[in-house]
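# An overview of the molecular structure
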Amino acid sequence: MVSTLVHAGFALVVAAGLLGDAADRRALGAILLVVVLPEADALLGPVYPGAHRTVGHTVVLPVAAGLLLYYDTQQREHSWLRARIADRWIGVAWVALVVHLTAHVALDWTHLEGVNLFWPLRDAFTTLEGELTWSLADGFIQTFVDVRVDPATGQTRVGTDVTGTRASVHVNNPVEPDDPTALAEAEVIDRRFPVAGRGWRLYLLGLGLFTIVARRLQSAPPADA
Amino acid sequence: MVPTLVNAALGGLLAAALLGRAFDRRTVALVVGAAVVPALGSAVGVALGWTSTAALQSAWLPLFGTLVLLVDTRWRDRSVLRARYGWHGVRVAWVALASVSVAGVAPDLFGTPGVPLLYPLESVRYSVDGLLLYSTQEGVVQTLSAGGETPGILPLASTGGVSGTTDGRPGAVALVETGWQAVVVVTGALTLSLRLAGVGSGHRDVAPTRATEETSETTETPETLETAETPETTETNARGR
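This text gives an overview of the structure that appears in the document. (Residues numbered from 1 in each chain as written. Chains lettered and ligands numbered in written order. Predicted model: local features only at pLDDT ≥ 70, side-chain atom pairs only at ≥ 80, totals over all residues. Heavy atoms only, no water.)

### Some thoughts on the overall build of chain B
- From N to C terminus, chain B includes eight helices and five strands.
- Seen in sequence order, chain B has helices and strands lined up from the N terminus as α-α-α-α-β-β-β-β-β-α-α-α-α.
- Residues classed as buried in chain B amount to 46% of the 241 residues present.
- Surface accessibility of chain B: about 11,800 Å² in total, with carbon and sulfur atoms responsible for 62%. (Helix = DSSP H or I, 4+ residues; strand = E, 2+ residues; numbered from the N terminus. Buried < 20%, exposed > 50% of the residue type's maximum accessible area, 1.4 Å probe, protein only. Areas by Shrake-Rupley, 256 points an atom, 1.4 Å probe, with all protein chains shown as cover.)

### As for the side chain of Glu122 of chain B
Residue and element names in this part refer to chain B.
- Residue position: Glu122 is located in the loop between α4 (80-109) and β1 (124-127).
- In this structure, Glu122 is buried with no salt-bridge partner, the nearest side chain bearing the opposite charge being Arg125 at 12 Å.
- Of note is the side chain of Glu122, whose polar atom sits 2.3 Å from the side chain of Tyr126.
- Discounting residues that sit within four places of it in the chain, Glu122 has contacts with Gly152 and Ile153. (Lys, Arg positive; Asp, Glu negative; His and termini not counted. Salt bridge = Lys/Arg side-chain N within 4 Å of Asp/Glu carboxyl O. Polar contact = N/O pair within 3.5 Å; in protein donor to acceptor, adjacent residues only side chain to side chain. Contact = heavy atoms within 4.5 Å.)

### Some thoughts on the packing of helix α1 (residues 4-19) of chain A against helix α2 (residues 25-36) of chain A
All names here are of chain A.
- As a packed pair, α1 and α2 sit with axes 10 Å apart at the nearest point and diverge in direction by 135°. On the basis of the axis angle, α1 is oblique to α2. Considering only the axes of α1 and α2, their crossing is right-handed. In this structure, α1 uses Thr4, His7, Ala8, Ala11, Leu12, Ala15, Ala16 and Leu19 to contact α2, whose residues at the interface are Ala27, Leu28, Ile31, Leu32, Val35 and Val36.
- Here the residues of the contact of α1 with α2 are counted per class, giving 12 nonpolar, two polar and no charged. (Axes fitted to C-alpha atoms, helices over the stretch in contact; angles between N-to-C directions. Parallel < 35°, antiparallel > 145°, perpendicular 65-115°, else oblique. Left-handed = near helix turned anticlockwise from the far one by under 90°. Nonpolar A, V, L, I, M, F, W, Y, C, P; charged D, E, K, R; others polar.)

Right, dumping it as structure tokens:
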């Protein structure tokens, strides 16, 4: 897993960026909770094989939540949510959804076996890996998304690399640090809690801390600014 | 080296997160521009065969900038910056400095080939790249800092000298090299476009309560939320829709 701390660090920058002046401690705290909680799908692993990076890392649930939020707050005559929470928190909820999709789901998508992106609609772990270059001779070339035309049927297939299904893919985590069958036979279990697996992840963690410290050091604008 | 587009995206995220009331199209352009200065500068240097532009990637520019801004805005009786450009100028200067350092230089420190932190004092590139974790069997495991002897003054791993860091094919520019960089670039672009389109602090849902929030920014009392939710603001929103 990209460490939860790294998700939290990047989430803080994006959340502060989207909220601007509205980013106070309570709003950032609430967003962090939304971003970090889905990591608990690792706890489901022992009872529902392949749950980690499936249940909490699908885009289907956040998109459904977004549609529901849109319907309730924008389309209905009497919004159920607006009657209960301040308008400001509806904005925070939108930001939390975006931050969860970018700082959590998308980052894990690029790491190890990726995430089960469209579970439960489609059971397939995919990874986002590749590069984008521009050159005088070839123009733009990207290798992230595979666009292939099947020569037999003429159908176009678009997608990122598929690594397997819930049955075949197990992403190691502190709850199940190895494949469940290997764990059953293991004599000692080494649970590893990562802080940062690579320099760039340590950077994203530091970027979040820097943002929070810098915002605290900033002076309030004068009344006429 | 981290592609320049990634530096720009990180600068954009910092601009959105830190500019506050000074956030607008022009100041964002300035802060993003500051983020790409070290990368562009050293690219020009490599193209022309100069080594001296490596100084743009050293720690001196951030340190010197901090010193100048501190002296001008804190220690002098009358700040030149504030007198000419006001509160906005001071805020933009600090964020641009953060952008050069954190979005421009730091990403390269946490990867290969690293940055020459002390150039021109010494021509050694430093890099902080490794893992840090807690294992129930082995305790804290880290490969970030170099153990034992290091070639430079600082206790960090080194990846070689200043010169000879041309990477990539000639005539080709790497815009995004890995998955995480793609996420950073897309997130940065999304954040900036949403904010410039007026979402966020100026969001329609948030706008009516903004005046209350601004005064409460330093206190952060929970009461402000209740006071903000007056029937009047709800009405404005209903009409807004």
